2 protein chains.
Amino acid sequence: MGKEYNVAVAGATGAVGNQMVLCLEERVFPVKNLRLLASPRSDGKKIKFRGKELTVETLNEKSFEGIDIALFSAGGSVSKEFAPKAVQSGAVVVDNSSAFRMEPDVPLIVPEVNAHAIAGHKGIIANPNCSTIQMVVILKPLHDYAKIKRVVVSTYQAVSGTGLKAMDELMEQTRSLLSFKETQAKVYPHRIAFNVLPHIDVFLENGYTKEELKMVNETRKIMEDYSIGITATTVRVPVFFGHSESVNVEFFSAISPDKAREILSEAPGIRVVDDVGKFQYPLAIDAAGQDDTLVGRIRQDESVEHGLNMWIVADNIRKGAATNAVQIAEILIDKYI
Amino acid sequence: MGKEYNVAVAGATGAVGNQMVLCLEERVFPVKNLRLLASPRSDGKKIKFRGKELTVETLNEKSFEGIDIALFSAGGSVSKEFAPKAVQSGAVVVDNSSAFRMEPDVPLIVPEVNAHAIAGHKGIIANPNCSTIQMVVILKPLHDYAKIKRVVVSTYQAVSGTGLKAMDELMEQTRSLLSFKETQAKVYPHRIAFNVLPHIDVFLENGYTKEELKMVNETRKIMEDYSIGITATTVRVPVFFGHSESVNVEFFSAISPDKAREILSEAPGIRVVDDVGKFQYPLAIDAAGQDDTLVGRIRQDESVEHGLNMWIVADNIRKGAATNAVQIAEILIDKYI
């Protein structure tokens, strides 16, 4: 029997934290003890793991005693405060917040792309932004073949990326509108039901949102190539699960749609869904509940030399967050702990 | 008292035809008699115009006798068959279908952009594709200032662009899902409720949809510049009214976001909605019921020389179809009939 590990999930009652617990079970991660941590609000709440009900505890300074691996998904401020403490206690942290992602000595990992960079960790490994993860899973194998010059991406992001309250808001607003009642917007600044919001995360001085710059900066760090030009427009759509992305890529060398499909169909974590004659293309509702990143609608962009358009979809809570974090933990125990 | 005209609307019971009747009334178009035409299915149906109920008649070869202006929105095959007959009867046709748009001797008109081209008409004037109209309204004034090199556009299109049945389908599917029932997809090949479909109109040999190539070819024709590179990904979202577009533009000359906002705020038919500090940006739900094209989120694209990103929204049934057609008719009677 292999070694087993004490694992903690910080933010276990959130959309991503909850999925982390499910992923640990589904992927048969060798968990000895699982400690579920959250804010005092959730203290005493029960979450099922391997058929047993585990009790959620309030996250505090002593929560990480004896923990080997801590998965964090409780927001940036919790990570900033408690991730270093978890490391001091001897745990390796896989952090889903944006708190440490751009720190030079924190590896930012998508296992299919740059698993090797885990080697340099100093206790904290960052899990990238959801929209970034699914994009780099697809871009990396293409970059290795034809070198990417520039990417223009527009996203169609599900409300689950904001959290459980946003899912409730979409549900409530939709229900109200179907009954011809007034709607209320609390989580988002405007109605999301039957609408589209070109606004994810906070706005910065240059007019971009933080989400848009995450896609630029994180992609370069994960791909380990700061010469790639990237520009992003990130948009919330009234979808519960699954981020979709319209991605236009300009390469330095020639690459045909057929060649791209061939490369992608052989790359890990990818399912090519690209048979438009049969109306087969990636859909949010098909990606939901899956760990693969789906890619399709691959076609030559005639407006530029060596250009391709493609449509990339993944489950933002799974591959975009929880699954990716657990995959990192799998590599950690396989090679580094 | 000015001259009055006999007007026909072919396809009067459709989403766009119905809006054409409303636009004629709202814009106080000098209508002498209004003839409402549709398929035999709608024969005898009543539609209100200026407080009176008009009866819908079955469209036939004699429908255009005595008609000065015929607005067509009954699909390409009806236009192909009956528009030439309407012209023979002495009417000028404004056709909302794609049947004649790319014919060299048919002007393709967006009044704010190329009203002068109406002069060359031979009886038929084409109304462009909805996604194209709102994009060129914004691009033209910027093109005049800094010359556009290349456009990468991804759309977020409302179901009303497909017609009334698609609106019913979104409504029904949403209702079913909220009651945890199975959904049925009839109008679209996949579920549209809480989903996103990267598929509008039919697929062509090169992997693009017809809608995507309309945005390429119609934009060049309307802008009268075949050197502009354009690539499009057109996507249906679960929104009833209002197409949104993420538009990335590369110019030949320098243009700052401030300069672009200045130019656009002085151009006709445009409302600049761009104060992200106050969460003000164009929204489908705000564009619905309006004739202006909204533009915002204008920001420098650092991934390319002279690049801008922007977010363009308009009511696809109004400016994207009915309003634009009635505006063309207004120019016709003002200058050409």
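Residues numbered from 1 in each chain as written. Chains lettered and ligands numbered in written order. Predicted model: local features only at pLDDT ≥ 70, side-chain atom pairs only at ≥ 80, totals over all residues. Heavy atoms only, no water.

(A) Up close: the relation of the copies chain B and chain A. In the superposition of chain B on chain A (RMSD 0.0 Å, axial shift 0.0 Å), the rotation amounts to 180 degrees. Seen this way, the second copy is the image of the first under a two-fold rotation axis. In this assembly, 100% of the residues forming the interface of chain B have copies in chain A that are likewise at the interface, indicating an isologous arrangement. (Least-squares fit on C-alpha atoms with pLDDT ≥ 70 in both. Contact = heavy atoms within 4.5 Å.)

(B) Fine view of the confidence of the model for chain A. Of all residues in chain A, 100% have pLDDT values of 70 or greater, and the mean over the chain is 97. Scored as a complex, the prediction yields pTM 0.97 and ipTM 0.96. (pLDDT = per-residue confidence, 0-100.)

(C) Highlighting the packing of helix α4 (residues 130-146) of chain B against helix α7 (residues 257-266) of chain B. Residue and element names in this part refer to chain B. Following both chains from N to C, one finds α4 and α7 inclined at 120 degrees, their axes separated by 9 Å at the closest point. Between α4 and α7, the crossing angle belongs to the class labelled oblique. Here α4 and α7 pass one another in a crossing that is right-handed. Each of I138, P141, L142 and Y145 in α4 lies in contact with α7, whose residues at this interface are K259, A260, I263 and L264. (Axes fitted to C-alpha atoms, helices over the stretch in contact; angles between N-to-C directions. Helix = DSSP H or I, 4+ residues; strand = E, 2+ residues; numbered from the N terminus. Parallel < 35°, antiparallel > 145°, perpendicular 65-115°, else oblique. Left-handed = near helix turned anticlockwise from the far one by under 90°.)

(D) Inspection of the sheet that holds strand β13 (residues 293-301) of chain B at higher detail. Residues and elements named next belong to chain B. Spatially, β10-β9-β11-β14-β13-β12 is the arrangement adopted by the six strands of the open sheet, whose pairing is mixed. The open sheet has two free edges, formed respectively by β10 (229-233) and β12 (270-272), since each of these has just one partner strand. The sheet shows a mean angle of 25 degrees between the axes of neighbouring strands, taken without regard to direction. Bridge count for β13 against strand β14 (residues 307-314) is six bridges, and the pairing is antiparallel. Within β14, the position partnered with D301 by the bridge is G307. (Pairing = 2+ DSSP bridges.)

(E) Seen up close, the interface of chain B and chain A. On the chain A side, the residues contacting the 54 residues of chain B number 55 residues. Buried surface at the junction of chain B and chain A, summed over both partners, amounts to about 4,800 Å²; 62% is from carbon and sulfur atoms. Of all residues in chain B, R150(B), L178(B) and F194(B) give up the largest surface area on contact with chain A, accounting jointly for 14% of the area buried on that side. In this assembly, chain B and chain A are joined by eight salt bridges. Here R150(B) and E250(A) are joined by a salt bridge, their closest N and O atoms 4.0 Å apart. The tally of links from chain B across to chain A stands at 40 residue pairs in polar contact (both at pLDDT 80 or more). Mapped by element, the contributors of at least two residues to the side of chain B that touches chain A are β9 (148-156), α5 (164-178), β10, β11 (243-251), α8 (284-287), β13 and β14 of chain B. Here the side of chain B that touches chain A is composed, by residue class, of 28 nonpolar, 18 polar and eight charged. (Buried area = accessible area lost by both parts, 1.4 Å probe. Salt bridge = Lys/Arg side-chain N within 4 Å of Asp/Glu carboxyl O. Polar contact = N/O pair within 3.5 Å; in protein donor to acceptor, adjacent residues only side chain to side chain. Nonpolar A, V, L, I, M, F, W, Y, C, P; charged D, E, K, R; others polar.)

(F) Representation of unusual backbone geometry in the model. At E224(A), a residue that is not glycine, the phi angle is positive and equals roughly 55 degrees. Tracing the backbone through its elements, the reader meets E224(A) in the loop between α6 (210-223) and β10 (229-233).

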